[in-house]
Amino acid sequence: MNFWQTILPVLAALLLAPLLPGVIARVKAAVAGRRGPPLCQLYFDLWKLLRKGAVYSRTTTWVFRAAPGIALAALLCALPLLPAPGADALVSCSGSMFILIGLLALARFATVAAALDTGSSFEGMGGSREVQFAALAEPAVLLALAALARASGTCALGGMFAGTVGPLWQTAAPAVGLLAVALGIVLLAENCRIPFDDPNTHLELTMIHEVMVLDYGGPDLAFILYGAALKLWVFGTLLVNLLVPWQDAARPLAGTGVLIVGLVAVAIAIGLIESALARLRLLKVPQLLLGAGALAGLGLLLIVRL
Amino acid sequence: MNHILDTLLVILLLSCFLLLGTSRLAAAVRMTAVQGFMIGLLPLAIEGGEIRLRVAILAALIAVLKAGVFPWLLMRTVRSAGTTHEERPLVGYGLSTLLGVAAVGAAFWLDSRLPFSAEAHSKLVVPVAFSVMATGLFLMVARRTAICQVLGYLTLENGIYIFGLAIVSGIPMLVELGVLMDMFVAVFVMGIAIFRISREFDHIDAAQLTSLKG
């Protein structure tokens with residue numbers, strides 16, 4: 001029983017992650033009065049890309065070829081660390097929150113190194129921006145997780161949420177709200193959503209993430225797209241775990257259901273945010289990320305004191 | 001734990017961060033209005049269940065003055081001065097926000113060394129009061145435009161009011177009214193002064209008042 005309880009969220013992530021971008025696209029289309037692409041568009045794209053051959057520029061080296069695999073592998077390793085609401089994680093060790101941050105950083109490093117490897121100044125610029133914003137977003141996530149670690153007394157992601165978040169909502173609701181907002185802002189930034197980056201524009205001077213993967217095609221691009229969907233799933237899972245104080249020992253399998261419903265809700269919320277906001281000026285992005293860090297720090301302070 | 005009180009206090013802290021992080025004067029004035037409204041609600045949140053008439057009147061008066069009259073006066077000044085943005089602040093906005101967080105940390109530390117929290121209504125009241133005061137002082141020192149310095153003064157006063165609310169239960173109404181009256185006159189006079197400065201010097205940069213004009 002316990003085994004299924006922990007492995008189901010991972011299976012759900014592997015199978016359902018590409019659904020989230022589809023939901024976001026449908027919501028945006030619906031708000032704009034269009035029909036939008038099918039929900040499973042990303043699955044079709046991945047299938048198409050996987051059947052194609054890869055083309056590599058002659059200026060690139062093995063770094064460029066290895067990057068999509070490394071990034072995807074890092075994100076796949078991150079999945080078992082994450083719990084569903086009310087359950088433990090499949091792999092739970094003390095300090096797994098640092099492993100999660102490290103894996104995300106590894107995926108980012110591989111992508112940026114590959115972008116630099118192409119020798120294109122355009123991609124180098126994108127890599128520089130990605131690293132600059134990540135340097136501001138990472139402390140925010142770490143502070144938010146540190147607050148939860150302080151409240152639960154463990155640095156393991158598995159034990160951090162279950163049993164801690166529920167009482168925390170009752171004793172320190174403002175603090176948990178602050179952490180949720182901080183995590184939400186970082187989710188938008190790390191997954192290149194509006195107001196930080198527009199995932200639909202491929203050739204704009206202000207874009208951040210898309211510019212780094214311009215030279216990829218075929219299976220490599222499929223890896224990158226799937227990895228991006230998994231990253232959205234990872235951050236969404238953190239947010240859902242924080243927001244849903246689900247605790248039901250009798251039906252532990254329902255935690256996965258709650259997780260999936262919560263993630264779809266997160267995707268709908270992202271779609272609505274994207275429809276309502278315009279992209280920020282690039283100079284304002286660090287300010288907003290610093291603000292997220294400040295919110296997370298404030299949440300940590302409140303939890304330490306209360 | 002008083003949930004409403006804590007939420008109000010956290011919103012107050014957030015408004016301080018926003019004040020520190022914004023360059024637009026109109027947004028800063030609006031943020032001060034929000035802060036004033038929260039300050040007005042504070043006594044009601046502390047009272048909890050039964051609300052006495054005296055407290056209700058005072059709360060309404062504070063809300064009207066701090067969230068209505070002051071912002072209106074200052075907005076008028078902003079419009080007449082023709083300056084929409086703070087230019088070249090002495091400390092940048094990102095760094096200001098970080099310093100704000102540091103101030104909150106320092107306030108919590110200071111609170112842990114002082115014997116006030118035991119008597120206060122919430123553990124948060126005293127630290128929030130200290131950090132709001134620090135924000136006000138910082139705005140007065142680190143911003144150049146006269147408007148921002150007035151906002152800093154108002155924020156500082158808000159902090160002092162929260163502190164008084166936490167420590168002294170039941171300040172005589174006459175004293176409260178006197179303080180409010182003083183503030184009203186101060187903001188009124190400052191508005192006129194800013195208007196004069198902007199007409200005379202074509203800017204409201206208080207740092208330039210030190211240079212002679214011939």
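Here goes a summary of the coordinates provided.

A closer look at the pattern of salt bridges
In step 1: Enumeration over the complete set of coordinates arrives at seven salt bridges over all chains.
In step 2: Among the ionic pairs, Arg108 of chain A bridges to Glu190 of chain A, the shortest N-O distance being 2.7 Å. You can see Arg108 of chain A sitting in helix 5 (residues 96-117) and its partner Glu190 of chain A sitting in helix 9 (residues 173-190), a full 82 residues away along the chain.
In step 3: Here Glu157 of chain B makes a salt bridge to Lys66 of chain B, at a shortest N to O gap of 2.9 Å. Placement of Glu157 of chain B in helix 6 (residues 146-167) and of Lys66 of chain B in helix 3 (residues 53-81) is noted, with a sequence separation of 91 residues between them. Of the two residues, Glu157 of chain B and Lys66 of chain B, neither departs from the other in class, the shared state being buried.
In step 4: Among the ionic contacts, a cluster of salt bridges with common partners joins Arg108, Glu130, Glu138, Glu190 and Lys231 of chain A.

Focus: helix 4 (residues 62-78) of chain A
Residues and elements named next belong to chain A.
In step 1: Relative to the 24 Å expected for 17 residues at 1.5 Å per residue, helix 4 spans 24 Å between its end C-alpha atoms, a close match to the ideal helical length.
In step 2: Of all bends in helix 4, the biggest is about 25 degrees, found at Pro68.
In step 3: Of the positions making up helix 4, those classed as buried are Phe64, Ala67, Pro68, Ala71, Leu72, Ala74, Leu75 and Ala78.
In step 4: Looking at the packing, one finds that the buried side of helix 4 touches helix 5 and helix 10 (218-243).

Focus on the layout of surface pockets
All names here are of chain A.
In step 1: In this structure, the largest pocket encloses a volume near 1100 Å³.
In step 2: Lining the largest pocket we find 46 residues, and of these Pro21, Pro199, Glu210, Leu225 and Ala228 sit closest to its centre.
In step 3: At the level of elements, helix 2 (19-32), helix 3 (41-50), helix 4, helix 5 and helix 10 are the ones that each hand at least two residues to the lining of the largest pocket.
In step 4: For the lining of the largest pocket, the leading source of residues is helix 10, giving nine residues.

What counts and how
Residues numbered from 1 in each chain as written. Chains lettered and ligands numbered in written order. Predicted model: local features only at pLDDT ≥ 70, side-chain atom pairs only at ≥ 80, totals over all residues. Heavy atoms only, no water. Salt bridge = Lys/Arg side-chain N within 4 Å of Asp/Glu carboxyl O. Helix = DSSP H or I, 4+ residues; strand = E, 2+ residues; numbered from the N terminus. Buried < 20%, exposed > 50% of the residue type's maximum accessible area, 1.4 Å probe, protein only. Expected span 1.5 Å × (residues − 1). Bend = angle between axes of the 7 residues up to and from the residue. Contact = heavy atoms within 4.5 Å. 1 Å grid on protein atoms, 1.4 Å probe; cavity = no way out; pocket = protein on both sides within 12 Å on 5 of 7 lines; lining within 4 Å. Points joined across faces, edges and corners; volume = space filled by probe spheres on them.

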